[in-house]
Amino acid sequence: MMRWLLAGCAALVLAACASTPETVPLTTIAFRPVESHFAIGGRLSARTGDEAIHGKFEWQHAPGQDQWDFYSPLGQIVARVRRDGDMAVLLTAEGEEIAEPFSQLMRRVLGMNVPVNALPRWVQAGVVATEVVRESDALGRPVRIADDGWQVRYLAYADETPSARPRTIEVSRGDALLKLLVDRWE
């Protein structure tokens, strides 16, 4: 009997010492204000199936207006997309101009249908409801959210403070994957 009691105590001690990832109740999610104006820059990759693009980007965002500049990995401008409302103009490196709805132009450039209206909130780790948060870190920052069929993962933040901005963001749905590595926030 004493052997069973000692074995049981040993099992409890070992279980208590096992390292398990800290989970944060969803009520402690750090809701962060979503800025209406921002400028970011960094690197991106977009992949759908066997097709992929890689390069650098600069993005200026304001309500109803966006400008995305896309660069090759070596820094040459490849395309510029300017949005005003729902319409946008794509200017290619060859000087060609294409006017279409913003979501269609971004699909043309990235090779995937990204929800452009949610992207400004996603890059800021803005959470509109706790039910979209699937995982959070010890500081209450989202690590993984699910929003309208899309999975958004925050692989790294700029620093270890609760208000730190996301540094590495993955947005995926099916075989579509967009990864942004943000080097600069303004």
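## Focus on the pattern of salt bridges
In the structure shown here, the tally under the stated rule is 14 salt bridges. Close ionic contact of E170 with R153 constitutes a salt bridge, the shortest N to O distance being 3.2 Å. Of this pair, E170 sits in strand β10 (residues 166–173) while R153 sits in strand β9 (residues 150–157), and the two are 17 residues apart along the sequence. Residue classification places E170 among the buried residues on the basis of a relative accessible area of 14%. Residue classification places R153 among the partly exposed residues on the basis of a relative accessible area of 38%. Between D183 and R167 there is a salt bridge, with its nearest N and O atoms 3.1 Å apart. With D183 in strand β11 (residues 176–185) and R167 in strand β10, this pair connects stretches of sequence that are 16 residues apart.

## Focus on the confidence of the model for the protein chain
Chain-level statistics for the protein chain give a pLDDT mean of 86 and a share of 83% at 70 or above. Within the model, the stretch residues 1–27 combines pLDDT values under 50 with 6 contacts to residues more than four positions away or in other chains.

## Topic: the nonpolar core
Core analysis: the biggest nonpolar cluster contains 42 residues, and W68, F70, V81, L110, W122 and V123 have the highest contact counts within it. The residues touching V81, leaving out its near neighbours within four places in the chain, are D66, Q67, W68, F70, A88, V89, L90, F102, L105, M106 and V109.

## Overview of the packing of aromatic side chains
Tallied over the entire structure, the rule returns 7 aromatic pairs. A centroid spacing of 5.1 Å and a plane angle of 80° characterise the contact between F38 and W59, whose relative ring orientation is edge-to-face. With F38 in strand β1 (residues 38–48) and W59 in strand β2 (residues 51–62), this pair connects stretches of sequence that are 21 residues apart. A relative accessible area of 4% places F38 in the buried class. Clustering of aromatic rings is evident, with ring pairs tying together F38, F57, W59, W68, F70 and W185. It is R141 that lies over the ring of Y157; its NZ or CZ is 4.2 Å from the centre.

## Regarding the side chain of D137
You can see D137 is positioned in the loop between β7 (133–136) and β8 (142–147). Only 3.0 Å separates the side chain of D137 from the backbone nitrogen of L139, close enough to count as a polar contact.

## Section: the sheet that holds β8
If you trace the 11 strands from one edge of the open sheet to the other, you get β6-β5-β4-β3-β2-β1-β11-β10-β9-β8-β7, paired in antiparallel fashion. The open sheet has two edge strands, β6 (97–101) and β7, and neither has a second partner. With direction set aside, neighbouring strand axes in the sheet form an average angle of 20°. Bridge count between β8 and β9: 4 bridges; the pairing is antiparallel. Across the sheet, A146 pairs through a bridge with Q151, a residue of β9. Those strands touched by helix α2 (residues 102–110) are β1, β2, β3 (65–71), β4 (77–84), β5 (87–92), β6 and β11, and its axis lies near 125° from that of β6.

## Focus on α2
Along an α-helix, a turn takes 3.6 residues, which lines up residues three or four apart on a common side. Where α2 is concerned, the buried positions are F102, L105, M106, V109 and L110. Down the axis of α2, the sector holding all buried residues measures 120°, keeping them to one side. Immediately downstream of α2, the backbone of G111 shows phi near 80°, a positive value.

Conventions we followed
- Residues numbered from 1 in each chain as written.
- Predicted model: local features only at pLDDT ≥ 70, side-chain atom pairs only at ≥ 80, totals over all residues.
- Heavy atoms only, no water.
- Salt bridge = Lys/Arg side-chain N within 4 Å of Asp/Glu carboxyl O.
- Helix = DSSP H or I, 4+ residues; strand = E, 2+ residues; numbered from the N terminus.
- Buried < 20%, exposed > 50% of the residue type's maximum accessible area, 1.4 Å probe, protein only.
- pLDDT = per-residue confidence, 0-100.
- Contact = heavy atoms within 4.5 Å.
- Core = buried A, V, L, I, M, F, W, Y, C linked by side-chain atoms within 4.5 Å.
- Phe/Tyr/Trp six-rings, centres within 6.5 Å; stacked < 30°, edge-to-face > 60°.
- Lys NZ or Arg CZ within 6 Å of the ring centre and 35° of its normal.
- Polar contact = N/O pair within 3.5 Å; in protein donor to acceptor, adjacent residues only side chain to side chain.
- Pairing = 2+ DSSP bridges.
- Axes fitted to C-alpha atoms, helices over the stretch in contact; angles between N-to-C directions.
- Arc of directions from axis to C-beta.

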